[in-house]
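Coordinate analysis (summary)
These are the residues of each chain, in order.
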Amino acid sequence: MVASLFLGIASEVYLISLPWRQDRRQQMEHLQASKEINWTVVDALDPSDIAISHIFERIISQPFHWPADINAIAASTEYFGASGSDLWTSADTQGIRNATSSSLGVSLHSNVTCATQDHFIPSFQPSLPDWMILTAPKISCWYSHVSAIRKFIDKANATPEDVAVFLEDDIDMEKDIEIRMRHVWPSLPHGWDIVFLGHCWSNESFYSALSSPRAMSPSYDLLTRSHIHPSYSPRCTHAYALSLSGARRLLQHLRYPPFAYSRALDQAFSWLIESGRLRAFSVVPSVIIQRKVLSSDIFSGSGVGSAWREHLEDGVFGT
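Read on for a plain summary of the structure. (Residues numbered from 1 in each chain as written. Predicted model: local features only at pLDDT ≥ 70, side-chain atom pairs only at ≥ 80, totals over all residues. Heavy atoms only, no water.)

Looking only at helices and strands, one finds eight helices and nine strands in the protein chain. The 319 residues of the protein chain split such that 53% are buried. Here the analysis covers contacts within the protein chain between residues at least 6 apart in sequence; of these, 83% occur between residues at least 24 apart. For the protein chain, the computed accessible surface area is about 14,400 Å², with 53% contributed by carbon and sulfur atoms. (Helix = DSSP H or I, 4+ residues; strand = E, 2+ residues; numbered from the N terminus. Buried < 20%, exposed > 50% of the residue type's maximum accessible area, 1.4 Å probe, protein only. Contact = heavy atoms within 4.5 Å. Areas by Shrake-Rupley, 256 points an atom, 1.4 Å probe, with all protein chains shown as cover.)

If you want it as C-alpha cells, here you go:
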C-alpha cells in the first residue's frame, strides 16, 4: 500500500453526495478539513434523472443463476468492461438526460416491491413497510455507489493492495479513527472483501472479534476501543472499505441483471453477506456514524431518517 494512507487504511476515499445538497457538503468540508482527507466527491444521481426511469423499465423477473466466473474476475487485474446493468443507462439515454423521470412515468412504478434473498419478489400490499417498496431514491443510491466503486476499479495504476473507503455525506467519525484503524486492520484475514466502518440495524458483535497480531499500547482501552468482527447482517452504506478484489467481486453482483437495482442497496449488501457471497467484516463499535441532523434523501417523508441511532466516543461533530 502507499505510504500515506487516509483514515489509517485507505489509498482512496470517495464521498457520495447529491450536488444540490449544499447543506450536507458544507458540513463534509468541515469534516474533510478536520481530518485532512483528500477525498474524491462523486456526484450522486438525482432521483428525478431520466436514467431512473430507464432502470425501472429494465427491472424484470428472469431466471437467476450467479455467473460462474465472478471469483476469477475478482482475483484478476484484467480490464473490467461494462456489462449487465452497466448498459442500462448508456448512450441511448444521453440525448434526453435533461428530461425528468417524473415527466416520463416514474410515478407508474410506485407499487414495485423490493426483492429478497436472491430474487424473490413478493406481491405488492399496501401494508408493506417503506423499506420493501422500490423507489427512485433507492435506485439513485444504488447507481451512485456503483459509480463510485467503478472509479476505484478503473483507477490508473491500481494494485491488489489498494483499499478504498466509501462515505455518504451525513456522517461523523471518531477523532482518533486513524489510531483505531491502524490497530485493528492487521487482524483482517487475507482475501477480505468489505469492512463496514459503520452500520445500522444489526448486532455486529454477534460473532467473536478477531484477534489482533499488533501489540496494544498501554493507553488502548479494551472496553471502549474498536475491534473487527465477522459481519453478521449489517445495514446502511454510509461508511465501508473495499479491497480492490472485493470491489471487483461486489460490482459483478450489483450489476448482474436479475439482481441489479432489485432492492435497497444496503439490503443487497446484507443478503450477499448472509448468503456467503462476500467476505465481510465490521468494526465494532462503529467509528463512523450517520449524524441524522439534516433531511433524508432516501426516505423523504421521514424527516432525518430511520430510528436507528448511535453515538461516538469523541466525534468531530460531537455526535
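Having seen the model, we can carry on.
On to the packing of helix 5 (residues 136–153) against helix 7 (residues 244–254). If you want to describe how two helices pack, look at the angle between their axes and the distance between the axes. Contact pair helix 5 / helix 7: the axes reach a minimum separation of 10 Å and the direction vectors enclose 140°. The two elements helix 5 and helix 7 meet at a crossing, and its hand is left-handed. Counting all contacts with helix 5, which are made through Trp142, Val146, Ile149, Arg150, Phe152 and Ile153, the residues of helix 7 involved are Leu244, Ala247, Arg248, Leu250, Leu251 and Leu254. A breakdown of the residues in the contact of helix 5 with helix 7 according to their chemical character gives ten nonpolar, no polar and two charged. (Axes fitted to C-alpha atoms, helices over the stretch in contact; angles between N-to-C directions. Left-handed = near helix turned anticlockwise from the far one by under 90°. Nonpolar A, V, L, I, M, F, W, Y, C, P; charged D, E, K, R; others polar.)

As a further point, take the packing of aromatic side chains. For the coordinates displayed, the defined rule picks out 16 aromatic pairs. Taken together, a centroid distance of 5.3 Å and an interplanar angle of 20° make the contact between Phe166 and Tyr240 stacked. Linking Phe166 in strand 3 (residues 163–168) with Tyr240 in strand 7 (residues 239–243), this pair joins segments that are 74 residues apart in sequence. On the basis of relative accessibility, which here comes to 0%, the residue Phe166 falls in the buried class. (Phe/Tyr/Trp six-rings, centres within 6.5 Å; stacked < 30°, edge-to-face > 60°.)

Next up on the list: the pattern of salt bridges. Inspection of the entire model under this criterion finds 16 salt bridges. Salt-bridge contacts for Asp86 lead to Arg150; the nearest nitrogen and oxygen are separated by 3.3 Å. Placement of the pair is Asp86 in the loop between helix 3 (70–75) and helix 4 (91–94) and Arg150 in helix 5, with a sequence separation of 64 residues. Arg180 is the partner of Glu174 in a salt bridge, and the nearest nitrogen-oxygen pair spans 3.7 Å. (Salt bridge = Lys/Arg side-chain N within 4 Å of Asp/Glu carboxyl O.)

All chains considered together, the criterion is met by one disulfide. Linked covalently through their sulfurs, Cys200 and Cys236 form a disulfide whose S-S length is 1.8 Å. The S-S bond linking Cys200 to Cys236 shows a torsion near 85°; that makes this disulfide right-handed. One end of the pair, Cys200, is in the loop between strand 5 (194–196) and strand 6 (227–230); the other, Cys236, is in the loop between strand 6 and strand 7, and 36 residues separate them in sequence. Across the pair, Cys236 and Cys200 agree in class, each one buried. (Disulfide = S-S within 2.5 Å.)

Turning next to the pairing of strand 3. Here strand 3 lies mainly inside the structure; six of its six residues are buried. On strand 3, burial covers both faces: Val163, Val165 and Leu167 on one face and Ala164, Phe166 and Glu168 on the other are all buried. Where strand 3 lies against strand 7, five bridges are found, and the strand directions are antiparallel. Directly across from Val163, in strand 7, lies its bridge partner Ser243. (Pairing = 2+ DSSP bridges.)

With 50 residues, the main nonpolar core has Ile149, Phe166, Leu254 and Phe259 as its most contacted residues. Elements that contribute at least two residues to this core include exactly strand 1 (12–17), helix 2 (50–58), helix 5, strand 3, strand 5, strand 7, helix 7 and helix 8 (265–274). Setting aside its immediate chain neighbours within four residues, Phe259 contacts Phe64, Trp66, Gln117, Asp118, Trp142, His253, Leu254, Ala268, Trp271 and Leu272. Membership of the second largest hydrophobic core comes to 31 residues, among which are Val13, Val184, Phe281 and Ile288. (Core = buried A, V, L, I, M, F, W, Y, C linked by side-chain atoms within 4.5 Å.)

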